[in-house]
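Structural features, examined
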Amino acid sequence: MKKHQDAGRSIFMSSIQGLANTLALLVTFLGAPPLYSNSIGWVQAFAVRHYGYGFEDVTALVWGGVCAALVFFISRASISTALVMGGLALATRFL
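How each quantity is defined
- Here, residues in each chain are numbered from 1, in the same order as that chain's written sequence.
- Given that this is a predicted model, residues contribute local features only at a pLDDT of at least 70 and side-chain atom pairs are listed and counted only at 80 or more, while totals for whole chains, interfaces and linings are drawn from all residues.
- Excluding hydrogens and water, the side-chain figures rest on all heavy atoms present in the structure.
- Each helix corresponds to a stretch of at least 4 residues labelled H or I by DSSP, and each strand to a stretch of at least 2 residues labelled E; elements are numbered beginning at the N terminus.
- Burial classes: relative accessible area under 20% of the type maximum marks a residue as buried, over 50% as exposed, and values in between as partly exposed (1.4 Å probe, protein chains only).
- Whenever a nitrogen or oxygen atom comes within 3.5 Å of another N or O atom, the pair is scored as a polar contact, on the condition that within protein one atom can donate a hydrogen and the other can accept it, and that pairs from neighbouring residues in sequence are kept only if both atoms are in side chains.

**What about the side chain of Thr28?**
In this structure, Thr28 sits in helix 1 (residues 2-51). A relative accessible area of 12% places Thr28 in the buried class.

**Some points on the environment of Asp57**
Within the secondary structure layout, Asp57 lies in helix 2 (residues 56-94). Overall, the relative accessible area of 66% leaves Asp57 in the exposed class. Taking the C-alpha atoms as reference points, Asp57 and Gln44, separated by 13 residues in sequence, lie 8.8 Å from one another.

**Some points on the environment of Ile74**
Along the polypeptide, Ile74 turns up in helix 2. Note: C-alpha distance between Ile74 and Ala24 (50 residues apart in sequence) is 8.4 Å.

**A short note on the side chain of Ser39**
With respect to the helices, strands and loops of the structure, Ser39 is situated in helix 1. Polar side-chain contacts of Ser39 include one of 2.8 Å to the side chain of Trp63.

Geometry only, nothing functional implied.
Okay, structure coming up:
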């Protein structure tokens, strides 16, 4: 019986991870471009001020990756936490 419960819990958690990753990709697709476009001017100006000219293209490329990673990992952590807590709340309420 214990192995059956562990297997069910493993399937549930892998499904939660898959759903959280899928939703995080969607949030990243929708959220990273506005973050990038609203911050790239400031980041490039900061790079020029502190590191000199000639790094604008590299800064833009790296900042795009940073924006995508920030949005993805923050949204994945938030979504997976919300899904797990929501699942636990439902489980305790109905079981």
